[in-house]
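# Commentary on secondary and tertiary structure
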Amino acid sequence: MEPRFSAEIEERIRLVRATGRYESDTAVVLAALDLLVEFESLRDEINKGLAELDAGVGIPSEVVFAELRAHAAEVAARHAAERQRRFRESLESTIERYGEVLRRLADQ
């Protein structure tokens, strides 16, 4: 049985499908439902955490921020290493191309 939607919802589904990311109306609806389930789970986790804080249970903010800073530093280091690797590859490629040009000029 095909579900029936209001004109507004059908238009929203059509707009999402127009992006090309979804092959069918069903795929759009399933993705939306998956997001709703994920949202509700996150909301439940947030409410649980707030209840724990209200009860005096929780992680001290200093610990949380220290963990966040460590994670941010780790991510920054990974990105810096990747940027260095790409720069080194680009530089090596440029040097190789210039070497080829110089060899050709020397052979002339």
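Quantities reported herein were computed from a predicted structural model and do not represent experimental measurements.

Moving on to the environment of Y98. Note that Y98 resides in helix 3 (residues 61-107). Take Y98: its relative accessible area is 57%, and that puts it in the exposed class. Y98 sits 38 residues away from P60 along the chain, and the two C-alpha atoms are 57 Å apart.

What follows concerns the pattern of salt bridges. According to the stated counting rule, one finds seven salt bridges in the structure shown. Note that D25 is salt-bridged to R17, the shortest N-O span being 3.0 Å. The class of R17 is partly exposed, set by a relative accessible area of 32%. Linked by salt bridges that have partners in common, E82, R85, R86 and E89 make up one network.

Let us look at the confidence of the model for the protein chain. Residue-level pLDDT values for the protein chain average 91, and 98% of them are 70 or greater. For the protein chain, helix 3 is the element with the lowest average pLDDT, namely 91, and helix 1 (residues 7-17) is the one with the highest, namely 95.

Next up on the list: a negative patch on the surface. A cluster of acidic residues, E40, D44, E45 and E52, forms a negative patch at the surface. Summarising the element assignment, E52 is placed in helix 2 (residues 25-54).

Axis separation between helix 1 and helix 2 bottoms out at 10 Å; the angle between their running directions is 100°. The orientation of helix 1 with respect to helix 2, classified from their angle, is roughly perpendicular. Each of I13, V16 and R17 in helix 1 lies in contact with helix 2, whose residues at this interface are D25, V28 and V29. Grouping the amino acids of the contact of helix 1 with helix 2 by side-chain chemistry returns four nonpolar, no polar and two charged.

Conventions used here
- Residues numbered from 1 in each chain as written.
- Predicted model: local features only at pLDDT ≥ 70, side-chain atom pairs only at ≥ 80, totals over all residues.
- Heavy atoms only, no water.
- Helix = DSSP H or I, 4+ residues; strand = E, 2+ residues; numbered from the N terminus.
- Buried < 20%, exposed > 50% of the residue type's maximum accessible area, 1.4 Å probe, protein only.
- Salt bridge = Lys/Arg side-chain N within 4 Å of Asp/Glu carboxyl O.
- pLDDT = per-residue confidence, 0-100.
- Patch = residues over 30% accessible without salt bridge, like charges linked within 9 Å, V, L, I, M, F, W, Y side chains within 5 Å.
- Areas by Shrake-Rupley, 256 points an atom, 1.4 Å probe, with all protein chains shown as cover.
- Lys, Arg positive; Asp, Glu negative; His and termini not counted.
- Charge placed at Lys NZ, Arg CZ, Asp CG, Glu CD.
- Axes fitted to C-alpha atoms, helices over the stretch in contact; angles between N-to-C directions.
- Parallel < 35°, antiparallel > 145°, perpendicular 65-115°, else oblique.
- Contact = heavy atoms within 4.5 Å.
- Nonpolar A, V, L, I, M, F, W, Y, C, P; charged D, E, K, R; others polar.

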